[in-house]
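Listed below are the residues making up each chain.
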Amino acid sequence: MSASTTTARSPGGTAANAEEAGRRVEEIIDHLTAEGDSEAAGAAEELVRVLMDFYGTGLARMVSLLEAPKAKDDPFAALLDDAVVTSLLVLHDLHPEDTSARIARALGSVRSYPVEFLSFDDATGTLYLRSVESSGCGCASTGAAGRQEVEAALSCFAPEVTTVEIEGAASSQEPPLLQISRPPSGALGSAPASPKTP
C-alpha cells in the first residue's frame, strides 16, 4: 500500500478522519431529530460540545507547553506534569508511566495539603495515604478542601484510584506544651490581706 492511500488509525483501530467523524456526528443528531426526540438530540449536541471543549483545551495545553522554554530539555516531561494532558493520555491508554508514578505526580501537584503515600490496592482501587503535619490551622474545613484537591488531582493523573483513605498525621514525639495550673474555683481573692500599716 502506498503512503498516499494509507489511512491513519487511532489506537482503537478505527479510522482517524476528522471529516468522517464530523459527518457521522451530524448523521446521529439528524436521526434523533427526525425521530422526534428533541431532548435526546439536544443532549447529543451538548455532549459533542463538551467533548470538543475538552479535547480543544488539551491540544491547546500541549502546544503551549511544547512552546515553553523548559520544554526544549525534555518536552515529554512538560506534558506529563500537566493534569489536562495527562488525563487525555490516560484516557486513551497512551501514558508511558505506570500507576505508581502517576499517583506520585498527582500527590506532588497538591501543595496545600501534603500527604504521604502508604499503599495502593489494585484489586479495590483504594489508595491509602497519611496526612503530613503542616502549619495549617487544622480546621475540618481545611482538611475537607485538601482532601477534595487530592481527589481531583488523582482523578486526572490516576483515575484507577477509586477510593482514597487518609489517616491522620503521625503523633509527634515533642514534649507536651507547658500546663498552666489554676487555683481552685472560688480561691481567687481568698488570700490573706496584707497587714495595714498604722
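Remember, it's a predicted structure, so these values are computed and weren't measured experimentally.

Reading guide: rules and limits
Residues numbered from 1 in each chain as written. Predicted model: local features only at pLDDT ≥ 70, side-chain atom pairs only at ≥ 80, totals over all residues. Heavy atoms only, no water. Helix = DSSP H or I, 4+ residues; strand = E, 2+ residues; numbered from the N terminus. Contact = heavy atoms within 4.5 Å. Buried < 20%, exposed > 50% of the residue type's maximum accessible area, 1.4 Å probe, protein only. Arc of directions from axis to C-beta. Axes fitted to C-alpha atoms, helices over the stretch in contact; angles between N-to-C directions. Parallel < 35°, antiparallel > 145°, perpendicular 65-115°, else oblique. Left-handed = near helix turned anticlockwise from the far one by under 90°. Nonpolar A, V, L, I, M, F, W, Y, C, P; charged D, E, K, R; others polar. Salt bridge = Lys/Arg side-chain N within 4 Å of Asp/Glu carboxyl O. Pairing = 2+ DSSP bridges. Patch = residues over 30% accessible without salt bridge, like charges linked within 9 Å, V, L, I, M, F, W, Y side chains within 5 Å. Areas by Shrake-Rupley, 256 points an atom, 1.4 Å probe, with all protein chains shown as cover.

Caption draft 1: Focus on the side chain of Arg 102. On the secondary structure map, Arg 102 appears in helix H5 (residues 99–108). Each residue touching Arg 102, except ones within four places of it in the same chain, is listed here: Val 90, His 95, Glu 97, Phe 157, Ala 158, Pro 159 and Glu 160.

Caption draft 2: Quick look at H5. Arg 102, Ile 103, Ala 106 and Leu 107 are the residues of H5 that are buried. Considered in projection along H5, the buried side chains sweep an arc of 140 degrees and stay on one side of the axis.

Caption draft 3: Up close: the packing of helix H1 (residues 18–34) against helix H2 (residues 38–67). Contact geometry for H1 and H2: axes closest at 8 Å, N-to-C directions at 160 degrees. On the basis of the axis angle, H1 is roughly antiparallel to H2. H1 and H2 meet at a crossing whose hand is left-handed. Side by side, H1 and H2 meet where Val 25, Ile 29, Leu 32 and Thr 33 of the first sit next to Ala 40, Ala 41, Ala 44, Glu 45 and Val 48 of the second. Each residue belonging to the contact of H1 with H2 can be placed in one class, and the counts come to seven nonpolar, one polar and one charged.

Caption draft 4: A look at the pattern of salt bridges. A full pass over the atoms with the stated rule returns 10 salt bridges. For Asp 82, the salt bridge identified is with Arg 61, shortest N-O distance 2.4 Å. Of the two residues, Asp 82 is situated in the loop between helix H3 (75–80) and helix H4 (83–91) and Arg 61 in helix H2; the sequence distance between them amounts to 21 residues. Residues Glu 97 and Arg 105 are paired through a salt bridge, measuring 2.8 Å at the closest nitrogen-oxygen approach. Looking at Glu 97, the relative accessible area reads 21%, which means it is partly exposed. On the accessibility criterion, Arg 105 (22% relative accessible area) is partly exposed.

Caption draft 5: Here's a closer look at the pairing of strand S1 (residues 115–121). The pairing of S1 with strand S2 (residues 126–131) spans six bridges and is classified as antiparallel. Paired with Ser 119 across the strands is Tyr 128, a residue of S2.

Caption draft 6: Local environment of unusual backbone geometry. At Asp 93, a residue that is not glycine, the phi angle is positive and equals roughly 55 degrees. Residue placement: Asp 93 occurs in the loop between H4 and H5.

Caption draft 7: Spatial organisation of a nonpolar patch on the surface. On the surface, Leu 47, Leu 51, Phe 54, Tyr 55 and Leu 91 cluster together into a nonpolar patch covering about 440 Å² of accessible area. Examined against the element boundaries, Phe 54 turns out to sit in helix H2. Judged by relative accessible area, Phe 54 falls into the partly exposed class, the value being 30%.

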